[in-house]
Amino acid sequence: MATPALVLMLVVLAGAAGAQSPPKPALKDDTGFTSYAAFEGTSDSDGQVYAFSPSVGYNFNRHFGIDLGVPFYFVRASASLGGTSSNGIGNPSLDLRFKVLNPAVNFASVVTGTAPVGDSKKGLSTGRGTYDWSNHFDHAFGSIAPFGEVGVSNTVADTRLFQRPFTAFGFNTHVQGGANYDLWKFFSVGASGYAILPSGHQTIFSKVQAGNSSGHGHAFENNQQTTGGADLARDHGFSAWVDANPAPYLDLELGYTRSVNYDLNAVSFGIGINVGYLARRNRGY
């Protein structure tokens, strides 16, 4: 089977490279408050999921930092799926960040916890608190920077390249590996493969609020809430993207993700603004 080979490859990459983080302000040598706002969206055959995610944080030093964020979701289900569109607040999150820059390998570790504030009937929450512990590694060889990620969680988190049409609750290990390439000036391109490896009971909460059996047959396309075994949340696939950073405070991105298990081809975009940088610049810092 192809899946075990893919998983093995990703685990190896995760041990030797590093992951592409969501578009948040990186820990720098300076300390103090940070603020960031991202608007991201994904479109696939199940519909469109958009998320506006503002956050505030504090850098204690160049190694440690903290962030508090609240996502707001805008879901537009596909008419062919028979789903219902909805809007709503997601789960507020608190993350603790640790980062070390080293000539041999850069390392970052992020522990994230969420509070069950979002509406699980809209698929915006699991109705329970969630956690995620992700570890990132990277090393640049000239213009190319391999990266990898390995982590554990009790939910399948959205990423900057894939706002999923569901929210999941249940233990899983997630791995990712790939590379970024500095193409020209402020443009870069990248690609990665990922795998979600659940274990034990899983519960899926549909964001697209599917109401008929005209979908592909996946649980989130036909039911608002489904509980089952590990295969319910299992997934693997790959992503590719183009990044642009035309200004120190502005991040732009276009991406594509292929979810093999869910047979989804997702096109995504992201716009990120480093509000903290703008505030410091306007104050002359």
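Each chain carries its own residue numbering, running from 1 in the direction its sequence is written. Given that this is a predicted model, residues contribute local features only at a pLDDT of at least 70 and side-chain atom pairs are listed and counted only at 80 or more, while totals for whole chains, interfaces and linings are drawn from all residues. Hydrogens and waters are ignored; side-chain quantities use all the structure's heavy atoms.

## A closer look at the nonpolar core
- Counting residues in hydrophobic clusters, the biggest one holds 14 residues, and the most contacted among them are Phe166, Ile204 and Phe220.
- Among the elements of the structure, β10 (166–184), β11 (187–198), α2 (219–222) and β16 (264–273) are those that each provide at least two residues to this core.
- Whether two residues are in contact is decided by their heavy atoms: any pair within 4.5 Å suffices. Once residues within four sequence positions are removed from consideration, phenylalanine 166 is found in contact with Ile204, Phe205, Ser206, Lys207, Phe220 and Tyr262.
- One finds Ala51, Tyr73, Val75 and Leu124 within the second-largest nonpolar core, a separate group that totals five residues. What makes a nonpolar core is a set of buried Ala, Val, Leu, Ile, Met, Phe, Trp, Tyr and Cys residues whose side-chain atoms join them at distances within 4.5 Å. Here's how the labels work: a residue is buried when its accessible area is under 20% of the maximum for its type, exposed when over 50%, partly exposed in between, all with a 1.4 Å probe on protein chains only. Only DSSP runs of H or I with at least four residues qualify as helices, and only runs of E with at least two residues qualify as strands; both kinds are numbered from the N terminus onward.

## Remarks on the environment of histidine 201
- In this structure, histidine 201 sits in the loop between β11 and β12 (202–206).
- Overall, the relative accessible area of 69% leaves histidine 201 in the exposed class.
- Expressed as a C-alpha distance, the spacing of histidine 201 and phenylalanine 169, which sit 32 residues apart in the sequence, is 8.5 Å.
- Apart from the residues within four sequence positions on either side, histidine 201 is in contact with Phe169, Gly170 and Gly228.

## Things to note about the pattern of salt bridges
- Salt bridges, as used here, are contacts in which a Lys or Arg side-chain nitrogen is within 4 Å of a carboxyl oxygen on Asp or Glu. In total, this model carries six salt bridges according to the counting rule given.
- A salt bridge links aspartate 67 to arginine 97, with the nearest nitrogen and oxygen atoms 2.4 Å apart. Placement of aspartate 67 in strand β3 (residues 64–69) and of arginine 97 in strand β6 (residues 93–100) is noted, with a sequence separation of 30 residues between them. The exposure classification of aspartate 67 matches that of arginine 97, with both residues buried.
- A salt bridge links aspartate 158 to lysine 207; its shortest N-O distance comes to 2.8 Å. A residue pair is termed long-range when its members are at least 10 positions apart, and aspartate 158 in the loop between β9 (144–155) and β10 and lysine 207 in the loop between β12 and α2 qualify at 49 residues.
- Connected through shared salt-bridge partners, Asp67, Asp95 and Arg97 make up one network.

## Some remarks on the side chain of asparagine 172
- Relative to the helices and strands, asparagine 172 is located in strand β10.
- Of the residues examined, asparagine 172 reaches a relative accessible area of 1% and is grouped as buried.
- What asparagine 172 contacts, discounting residues up to four positions off in sequence, is Gly151, Val152, Ser153, Asn154, Thr155, Val156, Ile196, Leu197 and Pro198.

## Quick notes on the confidence of the model for the chain
- Think of pLDDT as the predictor's per-residue confidence, scored from 0 to 100. Considering every residue of the chain, the mean pLDDT works out to 87; 86% of them sit at 70 or more.
- Taken together, the stretch residues 1–23 has pLDDT below 50 and engages in 49 contacts with residues farther than four places along the chain or on a different chain.
- Predicted confidence for residues 25–29 stays below pLDDT 50, and this span has 19 contacts to residues more than four positions away or in other chains.

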